[in-house]
Amino acid sequence: MAEQEKLVIAHSAAQLKAAARSWREAGQRLALVPTMGALHGAHMALIERAQGLAERTMVSIFVNPKQFGPGEDFEKYPRPQEQDLRLLRQAAVDLVFMPSIEQMFPPDFASDLKAGPLAEPLCGRHRPGHFDGVVTLVAELFRQTEPDLAVFGEKDFQQLQIIRRLVESENSPIEIVAAPLVRDPDGLAVSSRNAYLSDKQRRQALNLSGTLSMLSARAAEGQPLRELERVGMAALGKAGLEVEYLEFRREHDLELAENLLRPLRLFAAARVGPTRLIDNMPVPTA
Ligand code: PAF
């Protein structure tokens, strides 16, 4: 058996390019999985998807200050570096890109982007500037890593659509691949922020996926969408969650769904204590 190749750790675009050159010269496809670290099962599913589509997989770990608003958890965001590197080695990832803030955004950085109309509803309404920060970082990551394809999870469905639009508007050849949302066996959507939940809060948080799955099934049966949204808001409020939004929207343009023309998705964000959770579910075809 061939010896397992080593995980290349690149802190700069120059180091990354040097490592990637021989792969490109050998005609190998390069996939990028952008992350903020604190890797868990859902990230590993993105990595597996990338590995199935490209000969080489690069993972970026960067907690992007531009996508955190004032008072959000940028400082507190978990950064378990050794554990992340161990997981990447176990998964036989080829390269990890761990740039510093100065490497991504030097003091003369002047390429801040706007995420556009897809960023207006849902999380964009509640986290002003968040998606501008995401697209600015992702465009810069794409520029520095030049992948053939990049994998994003459907857990952040609005982010996925915004990045698809970014790539289209820039006429970029990078293929954007969507990977399905991953749930724990109890139904909770896997997220790095779940680590903030106490046992009691976790039990409370389960109401989110439970309510979404009940509502999307009822929507598929033809019950009125606005009525279902009201029922869901009330049920989650009663369970002690502070709901930011719970809305049926069309997948392609994220406009509010006025009828049952699929593909439709139910999107929700809610706070359990101080922890903000998001989830979404497609409305099945009846
Ligand atoms: O989804 C995430 O983890 C982040 O928003 C991303 C895409 C890595 C950009 O920082």
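Scroll up a little and you will see the structure.
All figures in this text were calculated on a predicted structure; none of them were measured in a lab.

> An account of the nonpolar core is needed here, citing residue identities and associated values.
Formed by 43 residues in total, the largest nonpolar core has its most connected members in Leu95, Val138, Phe142, Phe152 and Ile176. When near neighbours in sequence (up to four residues on either side) are disregarded, phenylalanine 152 contacts Pro34, Leu46, Val138, Phe142, Gln159, Leu160, Ile163, Ile176, Val177, Ala178 and Ala179. Residues Ala219, Leu264, Val272 and Val283 belong to the second largest nonpolar core, which totals 23 residues.

> How would you explain the side chain of asparagine 194 if you had to name every residue and give the values?
Of note, asparagine 194 is situated in the loop between strand 6 (175-179) and helix 8 (199-220). With residues near it in sequence (within four places) discarded, asparagine 194 still touches Leu188, Ala189 and Leu277.

> Which residues make up the pattern of salt bridges, and what values do they have?
In this structure the tally under the stated criterion is 20 salt bridges. As a salt-bridge pair, arginine 127 and glutamate 72 come within 2.6 Å of each other at their nearest N and O atoms. With arginine 127 in the loop between helix 5 (122-126) and helix 6 (130-145) and glutamate 72 in the loop between strand 3 (56-61) and helix 3 (81-90), this pair connects stretches of sequence that are 55 residues apart. Judged by relative accessible area, which is 9%, arginine 127 ranks as buried. In this structure, arginine 193 and aspartate 73 form a salt bridge, with 2.9 Å as the shortest nitrogen-oxygen distance. Taken as a pair, arginine 193 in the loop between strand 6 and helix 8 and aspartate 73 in the loop between strand 3 and helix 3 lie far apart in primary sequence, 120 residues in all. Across the pair, exposure class does not vary: arginine 193 and aspartate 73 are buried alike. Through salt bridges with shared partners, a single ionic network connects Glu154, Glu251 and Arg265.

> Break down the environment of leucine 95 for me, citing the residues and quoting the values.
With respect to the helices, strands and loops of the structure, leucine 95 is situated in strand 4 (residues 95-97). A relative accessible area of 0% means that leucine 95 is categorised as buried. A sequence separation of 15 residues divides leucine 95 from alanine 110, and the C-alpha atoms of the two residues are 28 Å apart. Dropping the residues within four chain positions of it, leucine 95 is found in contact with Leu7, Val8, Ala10, Leu16, Ala19, Trp23, Thr57, Met58 and Val59.

> Break down the site of the ligand for me, citing the residues and quoting the values.
Taken together, Pro34, Thr35, Met36, Asn64, Gln67, Leu137, Phe152, Asp156 and Gln159 make up the full set of residues near the ligand. Within the side chain of glutamine 67, a nitrogen or oxygen atom sits 2.6 Å from an oxygen atom of the ligand. Glutamine 159 is positioned such that a nitrogen or oxygen atom in its side chain is 2.7 Å from an oxygen atom of the ligand. In isolation the ligand offers 290 Å² of accessible surface; the protein chains occlude 87% of this area. Classifying every residue of the shell around the ligand gives four nonpolar, four polar and one charged.

> I'd like a rundown of the packing of aromatic side chains, residues and numbers included.
Under the definition given, this model contains six aromatic pairs. Plain terms: the ring middles of phenylalanine 68 and tyrosine 77 are 5.8 Å apart, the flat faces sit at 75° to each other, and that makes the pair edge-to-face. Phenylalanine 68 sits in the buried class, given a relative accessible area of 10%. On the basis of relative accessible area, tyrosine 77 is assigned to the buried category, the value being 7%. Measuring from ring centre to ring centre gives 5.8 Å for phenylalanine 157 and phenylalanine 267, while their planes differ by 55°; the resulting arrangement is tilted. With a gap of 110 residues between them, phenylalanine 157 in helix 7 (residues 157-169) and phenylalanine 267 in strand 8 (residues 264-272) connect regions that are remote in the sequence. The same class applies to phenylalanine 157 and to phenylalanine 267, which are both buried. Among the aromatic residues, those joined into a cluster by ring pairs are Phe62, Phe105 and Phe109. Here lysine 76 stacks its cationic end above the ring of tyrosine 196, 4.2 Å away from the centre of that ring.

> Can you tell me about the pairing of strand 6, naming the residues and giving the values?
By the criterion of burial, strand 6 is predominantly enclosed, with four of the five residues buried. Looking at chain direction, strand 5 (residues 149-153) and strand 6 are connected through five bridges and run parallel. Bridge pairing in strand 6 places alanine 150 opposite isoleucine 176. In this fold, strand 5 hands off to helix 7, which returns the chain to strand 6; that crossover is right-handed.

> Tell me about the sheet that holds strand 6, and name the residues and values.
The strands that make up a sheet are held in pairs by hydrogen bonds between backbone atoms, and each pair lies either parallel or antiparallel. Judged by pairing direction, the sheet is parallel, and its six strands sit side by side in the order 1-4-3-2-5-6 without closing on themselves. Every interior strand has two partners, whereas the edge strands, strand 1 (8-10) and strand 6, have only one. Sheet twist, expressed as the average angle between the axes of neighbouring strands with direction ignored, equals 25°. Bridge count for strand 2 (residues 30-35) against strand 5 is two bridges, and the pairing is parallel. The residue of strand 5 that forms the bridge with leucine 32 is alanine 150.

Thresholds, definitions, all that
- Residues numbered from 1 in each chain as written.
- Predicted model: local features only at pLDDT ≥ 70, side-chain atom pairs only at ≥ 80, totals over all residues.
- Heavy atoms only, no water.
- Core = buried A, V, L, I, M, F, W, Y, C linked by side-chain atoms within 4.5 Å.
- Buried < 20%, exposed > 50% of the residue type's maximum accessible area, 1.4 Å probe, protein only.
- Contact = heavy atoms within 4.5 Å.
- Helix = DSSP H or I, 4+ residues; strand = E, 2+ residues; numbered from the N terminus.
- Salt bridge = Lys/Arg side-chain N within 4 Å of Asp/Glu carboxyl O.
- Near = heavy atom within 4 Å.
- Polar contact = N/O pair within 3.5 Å; in protein donor to acceptor, adjacent residues only side chain to side chain.
- Areas by Shrake-Rupley, 256 points an atom, 1.4 Å probe, with all protein chains shown as cover.
- Nonpolar A, V, L, I, M, F, W, Y, C, P; charged D, E, K, R; others polar.
- Phe/Tyr/Trp six-rings, centres within 6.5 Å; stacked < 30°, edge-to-face > 60°.
- Lys NZ or Arg CZ within 6 Å of the ring centre and 35° of its normal.
- Pairing = 2+ DSSP bridges.
- Right-handed = clockwise from strand over helix to strand, strands pointing away.
- Axes fitted to C-alpha atoms, helices over the stretch in contact; angles between N-to-C directions.

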